[in-house]
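Read off the chains here:
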Amino acid sequence: MDDLYRLTIGEAHQLLKRKQLSSVELTKACLKRLAQAEEKVHACITVCGEMAMRQAAEADKAIGSGKAKPLTGIPTIIKDNMCTRGIKTTCASRILENFVPPYNATVVEKLNAAGVVVLGKANMDEFAMGSSTENSAFFPTRNPWDLDRVPGGSSGGSAVAVAADEAVYTLGSDTGGSIRQPAGFCSVVGMKPTYGRVSRFGLVAFASSLDQIGPITKTVTDCALVMNVISGHDPRDSTSVPNPVPDYTKSLIPDLKKLRIGIPKEYLVEGMQPEVRVIMQAAIAKLEELGAEVDWNVSLPHTKYALAAYYILAPSEASANLARYDGVKYGFSYRDTSNMWEAMEKTKQFGFGAEVKRRIMLGTYALSAGYYDAYYLKAQKVRTLIKQEFDHAFEKYDALVTPTSPTVPFKLGERVDDPVQMYLSDICTLPTNIAGIPGISVPAGFVDGLPVGMQILGKHFDEATLLRIAFAYEQATDWRKKRPPM
Ligand code: GLN
């Protein structure tokens, strides 16, 4: 087989277990593919080929002694905001350009314990702030479906690495849509788990009450397999929840009988590309064919405040989290002065990019005495209303279905000078993080060769139902078989 890099986790695992393939062969094939694809897409900040080959050899030993777990020996790439011991973790920022963490994020430990192979670290918007991966301090990532277009963001590198077959699956992080939106833009599967489902220990904090790590994969089955490994309580993250983790593969059944699905009308209006609406209508009709009861008459009226609330809450938390980059503890340090205050100021001035500075200023302002009540407190109240509205909807529906993004991937450069236009790319995904509920994006079709994603939202800790709906839809359509033209 010369296109081993095309394998899914499920397929590769079967071949590895039956000794028809070795992890060393698979890893070599992915590294070769990665080297070719990187010339065009630039999805990776760091590639660690030697380490990957060592891990592959170890995985082959484990498999040889009958210890093959579902992810053993399978190559992955990790978003560059998750700490990897001994491997640079830059957050795509100058301020962490040379930062090598002394410890692993919990998700990385869990992957290591499963015997995975780490090929490298994925490009992203600086500190996960952005929707196009153009805010990386190093280089933008390109969409393999059209190299002149963005892959979405902030986990653009992670989504592209899967779409371009550089890695079998990747990890991303999602604060307002950063897993789902790029997954939608690249025609792959991306899940943001419930807040608290996956440990955030070792994830470089952007907005701690919204951040969550999740998988980006080629299929829904693969998504369930990765969720099985990364989910669960972690004593090192006080916001991770001790609920038992089900076997998510058990929920993958190909029909939707008795499921009630609501279509919130606020997600299908304003600024939506007409072709995306047509695709959504067809996708929802397919869900009905599969047995779901669909109600088109759902209304979540507070959705219209989600964007405003998010852009108070996320920057406020970011302004507090990013205060640690003072040039003293770690990371870039401005040294051309003997004045401490000047050193701190210049460290941030040269270390942070424009979008990060914009967020710090917005957040500092919203939290300052005299404005706190008018902005931050108000946004927190809106947050409660949005959460209650979802809770209320889930009394009646098992899931809600929306587009992942109101448009197809846009051109590189098109929105960089207009932050509000850029912020609007996440209008469909932000409310999920505000409410802490889970969401998944699955490929739902193409407009002139450009991907469109369908988003499915569910109750807290009910990832299983989302996976079931996504799986049934995936099996009933052919979108996953389409590969980018590169
Ligand atoms: N695009 C949104 C932002 O810029 C969400 C980013 C994310 O989910 N990390 O904040």
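Our structure's up above, just so we're on the same page.
To keep things clear, this report deals only with the structure shown in the data block. Treat the numbers as computed from the prediction; the structure is a model and nothing was measured.

1. Digging into the site of the ligand
Near the ligand, the surroundings consist of 15 residues, among which T175, G176, S178, Y310 and D426 are the closest. With respect to the ligand, the backbone of A128 contributes an N or O atom lying 2.8 Å from a nitrogen atom. Taking T175, its main chain carries an N or O atom lying 2.7 Å from an oxygen atom of the ligand. Protein coverage of the free-state accessible area of the ligand, which is 290 Å², stands at 100%. The residue makeup of the shell around the ligand, split by class, is five nonpolar, seven polar and three charged.

2. Description of the nonpolar core
By size, the foremost hydrophobic cluster in this structure holds 100 residues, and its most contacted members are M454 and I456. Among all residues touching I456, those that are not within four sequence positions of it are A399, L400, V401, P438, G439, I440, V442, L466, I469 and A470. Counting residues in each nonpolar core, the second largest holds 48 residues, with A309, A366, A393 and F394 among its members.

3. Digging into the sheet that holds strand 7 (residues 260-264)
Across the sheet, 11 strands lie side by side as 1-3-2-4-6-5-10-11-9-7-8; this open sheet has mixed pairing. Sheet topology places strand 1 (44-47) and strand 8 (293-298) at the edges, where each strand pairs with a single neighbour. Ignoring which end each strand starts from, the neighbouring axes of this sheet average 30° apart. Of the strand pairs in this sheet, strand 5 (residues 189-192) and strand 6 (residues 212-217) are connected by two bridges, and their pairing is antiparallel. Bridge pairing in strand 6 places V189 opposite T217. Lying on the sheet, helix 12 (residues 373-396) is in contact with strand 7, strand 8, strand 9 (399-403) and strand 11 (450-458); it crosses strand 9 at an angle near 115°.

4. What about the packing of aromatic side chains?
What the rule picks out here adds up to 17 aromatic pairs. Relative to Y375, the ring of Y365 lies with its centre 5.9 Å away and its plane at 45°, an arrangement referred to as tilted. Here Y365 is found in helix 11 (residues 354-367), whereas its partner Y375 is found in helix 12, with 10 residues between them in sequence. Classification of Y365 as partly exposed rests on a relative accessible area of 41%. One aromatic cluster is present, built from ring pairs that chain together F99, F127, Y325, Y330 and F352.

5. Some remarks on the side chain of T175
By the element assignment, T175 lies in the loop between strand 4 (169-174) and helix 6 (180-186). Side-chain polar atoms of T175 contact the side chain of D211, separated by 2.7 Å. Leave out the neighbours within four places in its chain, and T175 touches F206, A207, L210, D211, Y310 and N433.

6. A look at the environment of I279
Within the secondary structure, I279 sits in helix 8 (residues 274-289). Sequence separation of I279 and K40 is 239 residues, and the distance between their C-alpha atoms is 29 Å. Apart from residues no more than four positions distant in its own chain, I279 is found in contact with A444, G445, F446, V447 and V452.

7. Quick notes on the pattern of salt bridges
One pass over the full model with this rule turns up 20 salt bridges. We note a salt bridge from D237 to R200, for which the minimum N-O separation is 3.8 Å. With D237 in the loop between helix 7 (220-230) and strand 7 and R200 in the loop between strand 5 and strand 6, this pair connects stretches of sequence that are 37 residues apart. For D237, a relative accessible area of 7% corresponds to the buried category. Owing to a relative accessible area of 15%, R200 belongs among the buried residues under this scheme. Residue D398 pairs with R260 through a salt bridge whose shortest N-O separation is 3.2 Å. Here the residue D398 occupies a position in the loop between helix 12 and strand 9, and R260 occupies one in strand 7, the gap between them amounting to 138 residues. The exposure class of D398 is buried, given its relative accessible area of 12%. Beyond isolated ion pairs, a larger network of salt bridges with shared partners links R6, D165, K218 and R483.

8. Let's talk about the packing of helix 2 (residues 23-41) against helix 3 (residues 49-64)
Running from amino to carboxyl end, helix 2 crosses helix 3 at an angle of 155°, the nearest separation of the two axes being 8 Å. Judged by the inter-axis angle, helix 2 sits roughly antiparallel to helix 3. In this structure, helix 2 meets helix 3 at a crossing whose hand is right-handed. Listed contacts from helix 3 to S23, V24, T27, K28 and L31 of helix 2 are G49, A52, M53, A56, A57, A59 and D60.

Calculation criteria
- Residues numbered from 1 in each chain as written.
- Predicted model: local features only at pLDDT ≥ 70, side-chain atom pairs only at ≥ 80, totals over all residues.
- Heavy atoms only, no water.
- Near = heavy atom within 4 Å.
- Polar contact = N/O pair within 3.5 Å; in protein donor to acceptor, adjacent residues only side chain to side chain.
- Areas by Shrake-Rupley, 256 points an atom, 1.4 Å probe, with all protein chains shown as cover.
- Nonpolar A, V, L, I, M, F, W, Y, C, P; charged D, E, K, R; others polar.
- Core = buried A, V, L, I, M, F, W, Y, C linked by side-chain atoms within 4.5 Å.
- Buried < 20%, exposed > 50% of the residue type's maximum accessible area, 1.4 Å probe, protein only.
- Contact = heavy atoms within 4.5 Å.
- Pairing = 2+ DSSP bridges.
- Helix = DSSP H or I, 4+ residues; strand = E, 2+ residues; numbered from the N terminus.
- Axes fitted to C-alpha atoms, helices over the stretch in contact; angles between N-to-C directions.
- Phe/Tyr/Trp six-rings, centres within 6.5 Å; stacked < 30°, edge-to-face > 60°.
- Salt bridge = Lys/Arg side-chain N within 4 Å of Asp/Glu carboxyl O.
- Parallel < 35°, antiparallel > 145°, perpendicular 65-115°, else oblique.
- Left-handed = near helix turned anticlockwise from the far one by under 90°.

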